[in-house]
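Each chain, letter by letter, is given below.
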Amino acid sequence: MDNGGFCNDNYESGSSDDELVDISDVTVDFSDDVPPLDSAGHCNAEWRPNNSSKLMDLLDDTIPGIGTYEDFNTIDWVREKSKDRDRHREITNKSKQSTVALLFSISDAFSGWLLMLLIGLMSGALAGGIDIAAHWMTDLKEGVCLNGFWFNHEHCCWASNETTFQERDKCPQWKSWAELMVGVSEGPGLYVVNYFMYVCWALLFAFLAVILVRAFAPYACGSGIPEIKTILSGFIIRGYLGKWTLIIKTITLVLAVSSGLSLGKEGPLVHVACCCANILCHFFTKYRRNEAKKREVLSAASAVGVSVAFGAPIGGVLFSLEEVSYYFPLKTLWRSFFAALVAAFTLRSINPFGNSRLVLFYVEFHTPWHLLELIPFVLLGIFGGLWGAFFIRANIAWCRLRKNTCLGHYPVLEVVVVTLLTALLAFPIEYTRMSSSELISELFNDCGLLDSSKLCSYTSNSGSFNATAANGLGARLAGTGLYTAMWQLALALVLKMVFTVVTFGMKVPSGLFIPSMAVGAIAGRLLGVCMEQLAIRHHEQNIFRGWCSPGADCITPGLYAMVGAAACLGGVTRMTVSLVVIMFELTGGLEYIVPLMAAAMTSKWVADALGRESIYEAHIRLNGYPFLEAKEEFRHKTLATDVMRPRRSDPSLSVLTESGMTVEEVERLIADTTYSGFPVVISQQSQRLVGFVLRRDLIISLENARCHQDGVVSMSPILFTECDTPMSPSAPPAVKLRNILDLSPFTVTVHTPMEIVVDIFRKLGLRQCLVIQNGRLLGIITKKDILKHMAQMANRDPDSILFN
């Protein structure tokens, strides 16, 4: 084994954080009788040999790879923060010595703000391009503009001089596919050809999306928020935020939204913004070399994603704080705000909606809401909570079926079949044929005098309502068109609910914000119209007296749609504060904060009563990601000794000793195990804890020593001490690894309550914690051990905690 070992620049370890130690030969005595410290722990000047110059301190010069992490491993937050503090302290000290060092210190401090500026600009530009492309391709399913194929329907008719205000969506320059292909402008032929082309375009877009994802970037599918939450908690998923994922997700997001599937682009835009942040971090050494600092940037990027998705910069910052981020210091709050502002400004400059507004659904409600309307608002909150709980259970059941059966082996076929069914059932109904964003805008709309929508089809009755009509109230009585719209909306509600359940989680980019809002907006509009007609027809009764006044609206159905959208989105995501802020930024309806708050809180209470997990946390658990949810309480009365490994019936830990082991023995231990780290003790007999060394750092250091240090062979001793052990002049040189040793690993005693241990892991972001008694090592607790224990306490399968 001489000069062989690990001298290989392409070495890749299969270690994982699931088990950090192996079971070896040492028997741990759980008694209080602890032997005294060995003399091996003390330095003696007489031990230093004449050839001590051959000893190599492996961290005197930085070794490439030391301090980095492998794929599907958890970062060491404590070590990363310590590295950043040391780096900052060194830069500050040097800045006092020369002007060049002072300028470097200033540029280092400014680099974070520059990075935020670049992330905002890049994310805003990409979001604007996605919005414009998705709008054009959505309209492409129905026809094409003769003046230029790159114009969507709205822009095509804007440029026409023959467009009237009443028929602003009709112009001779815009031709449907039936008019272009068979030359018919009315009759069954028009409907059949347009139906066929609508389905064909939808299938083409969805097929291209799933093929591109499967071939080039498998990580580009789904929403991305569950994985972003896991990454922000300190987990490493290499490639998830890479350049190929960014490129493919941007392209396929446009295709997936344009296909007409029941999905949105808002969740995936958070993933896109985080990809931009990760790529830009590589141009700044400060963030490229520190995983903890990089996660602060990713937290800000999450805020940018929501900012460009909804045009809600403040709501984006609160969303990152409330829903996504694991570690959110005050400095990150300021930078998130700045980045969201830059992104919103960039999106406003591009003006993708063509209305010179940043908000996605602008409303102009002027009718005040009445105190008694809080009752239907709370009812909408209850509906939102019930829908959220139902959706989470149904979607997780469907995803588990996909994962555990042959259905998961045919993702392309699944996407094509779901798209086919969606297109076939969506086209006949006006409200499912249009995109979800257009549908929500239609439902939020307050009917004006010139609105031609069926939702604004009111009529004044002659007969018993003559007096009412004369006062202007009868003008809001439901007409035939409104009744038709009501049953179409009821059917659209059922279809949206079903297709959203089966669509979220497919192998295409799929967001959940807009579909959830669409479900709530439909339910809210239905309830709003019912309340409006009830108030008009019974305006003389005491309960409705004062609601209706001549020439004014009694009730605003669009407000109910807005409240319902917030309730359903809150039921699915369990957002509260950020949801309310996003909604009033999204619509511009500042005076309706109280109804939104009532619906959001009711929705969360109802949904939490039926299940504590949001859809993102449910998908994290389904995928087995090692994520400790900060919102989940640990209520069990267990101790550290109940969770640590090894158990009492198991063999004891494999450990390294600070001296007395050779390179061959350490390499054999590494080769025989796949674990991510080893405790270092004074000796096998005393088991007194010295520190903890990571497997990757150990491998790289040994590899470097074999390749670059003269005389290192298999029998060379390994030293984790500052002093030298006595050696004969003919002995091979020792490999000194003191500087890769964590001398202050977190430790708890066997009697520490697990509630405290869980809090320590959450708040400090630990990878592992050592269990000691009177300074003697007894066991180890890893994040996966805690997750398994919590699953077992909740009567779930502990083996579901995987790193897949």
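Above this note sits the structure.
Every value quoted in this text rests on a predicted model; they were computed, and no experiment measured them. (Residues numbered from 1 in each chain as written. Predicted model: local features only at pLDDT ≥ 70, side-chain atom pairs only at ≥ 80, totals over all residues. Heavy atoms only, no water.)

What follows deals with the side chain of Glu 291. You can see Glu 291 is positioned in helix α10 (residues 291–310). Assessed through its relative accessible area of 13%, Glu 291 is described here as buried. When neighbours within four sequence positions are excluded, Glu 291 is seen to be in contact with Tyr 69, Ile 75, Glu 80 and Ile 236. (Helix = DSSP H or I, 4+ residues; strand = E, 2+ residues; numbered from the N terminus. Buried < 20%, exposed > 50% of the residue type's maximum accessible area, 1.4 Å probe, protein only. Contact = heavy atoms within 4.5 Å.)

Applying the stated criterion across every chain, the model contains 21 salt bridges. Note that Lys 94 is salt-bridged to Glu 90, the shortest N-O span being 3.1 Å. Here Lys 94 and its partner Glu 90 are both found in helix α1 (residues 77–95), 4 residues apart, which amounts to about one turn of the helix. On the basis of relative accessibility, which here comes to 42%, the residue Lys 94 falls in the partly exposed class. Taking the shortest distance from any N to any O, the salt bridge between Glu 667 and Arg 706 comes out at 2.8 Å. Within this pair, whereas Glu 667 is found in helix α25 (residues 663–672), its partner Arg 706 is found in helix α26 (residues 695–708), the two being separated by 39 residues in sequence. Its relative accessible area of 1% is what places Glu 667 among the buried residues. On the accessibility criterion, Arg 706 (7% relative accessible area) is buried. What you see here is one network of salt bridges that share partners, running through Lys 81, Lys 293 and Glu 296. (Salt bridge = Lys/Arg side-chain N within 4 Å of Asp/Glu carboxyl O.)

This part is about the side chain of Thr 432. Assignment of secondary structure puts Thr 432 in helix α15 (residues 430–433). Separated by 3.2 Å, the side chain of Thr 432 and the backbone oxygen of Ile 429 make a polar contact. Excluding its chain neighbours within four sequence positions, the residues that come into contact with Thr 432 are Tyr 198, Leu 425, Ala 426, Ala 492 and Leu 495. (Polar contact = N/O pair within 3.5 Å; in protein donor to acceptor, adjacent residues only side chain to side chain.)

Strand order in the open sheet formed by 3 strands is β10-β11-β12, with mixed pairing between adjacent strands. Taken across any chain shown, the strands that pair with only one partner, and hence form the sheet edges, are β10 (747–749) and β12 (776–782). Between one strand axis and the next, the sheet turns by 35° as a mean value, whatever way the strands run. In this sheet, strand β11 (residues 768–773) lies alongside β10 in parallel orientation, the contact comprising 3 bridges. (Pairing = 2+ DSSP bridges. Axes fitted to C-alpha atoms, helices over the stretch in contact; angles between N-to-C directions.)

Strand β7 (residues 689–694) sits mainly inside the fold: 5 of its 6 residues count as buried. With 5 bridges joining them, strand β6 (residues 677–681) and β7 adopt antiparallel strand pairing. Looking across to β7, one finds that Phe 678 is bridged to Val 693.

Another point: the packing of α1 against α10. Between α1 and α10, whose axes approach to 7 Å, the crossing angle comes to 95°. The pairing of α1 with α10 is recorded here as roughly perpendicular in orientation. Of the residues in α10, those in contact with Trp 77, Glu 80, Lys 81 and Asp 84 of α1 are Glu 291, Ala 292, Lys 293, Arg 295 and Glu 296. Across the contact of α1 with α10, the residue classes tally to 2 nonpolar, no polar and 7 charged. (Parallel < 35°, antiparallel > 145°, perpendicular 65-115°, else oblique. Nonpolar A, V, L, I, M, F, W, Y, C, P; charged D, E, K, R; others polar.)

Moving on, we get to the nonpolar core. Phe 310, Phe 444, Met 517 and Met 583 are the most contacted members of the largest nonpolar core, which totals 147 residues. Looking at which element gives the most residues to this core, the answer is helix α19 (residues 513–537), with 12 residues. In this structure, Phe 444 is in contact with Phe 361, Val 363, Phe 365, Ala 521, Arg 525, Gly 558, Ala 561, Met 562, Ala 565, Met 583 and Thr 587, ignoring residues within four places of it in sequence. Counting 23 residues, the second-largest nonpolar core is a separate cluster that includes Tyr 625, Val 750, Val 758 and Leu 787. (Core = buried A, V, L, I, M, F, W, Y, C linked by side-chain atoms within 4.5 Å.)

In space, the 3 strands of this open sheet follow the order β4-β6-β7, with mixed pairing throughout. Of all the strands in the sheet, the pair left with one neighbour each is β4 (656–657) and β7. With respect to the sheet, α26 is in contact with β4, β6 and β7, its orientation differing from that of β7 by roughly 75°.

Our focus in this paragraph is unusual backbone geometry. Going from Arg 645 to Pro 646, the amide bond is cis rather than trans, its omega being 0°. One non-glycine residue, Gln 687, lies in the positive phi region at around 60°. Relative to the elements of secondary structure, Gln 687 occurs in the loop between β6 and β7. Take Gln 687: its relative accessible area is 2%, and that puts it in the buried class.

Attention now moves to the packing of aromatic side chains. Aromatic ring pairs are reported here in terms of the distance separating the ring centres and the angle at which the planes meet. Enumeration according to the criterion identifies 22 aromatic pairs in this entry. Here Trp 150 and Phe 151 contribute two aromatic rings whose centre-to-centre distance is 5.7 Å and whose plane-to-plane angle is 45°, an arrangement assigned as tilted. Assessed through its relative accessible area of 54%, Trp 150 is described here as exposed. Among the aromatic residues, ring-to-ring pairing joins Trp 136, Phe 149, Trp 150 and Phe 151 into one connected group. Stacked on the ring of Trp 113, the Lys or Arg Arg 335 has its end atom at 5.4 Å from the ring centre. For the cation-ring pair, Arg 433 lies above Phe 427, with the distance from its terminal atom to the ring centre recorded as 4.4 Å. (Phe/Tyr/Trp six-rings, centres within 6.5 Å; stacked < 30°, edge-to-face > 60°. Lys NZ or Arg CZ within 6 Å of the ring centre and 35° of its normal.)

Just geometry here; none of it tells us what the structure is for.
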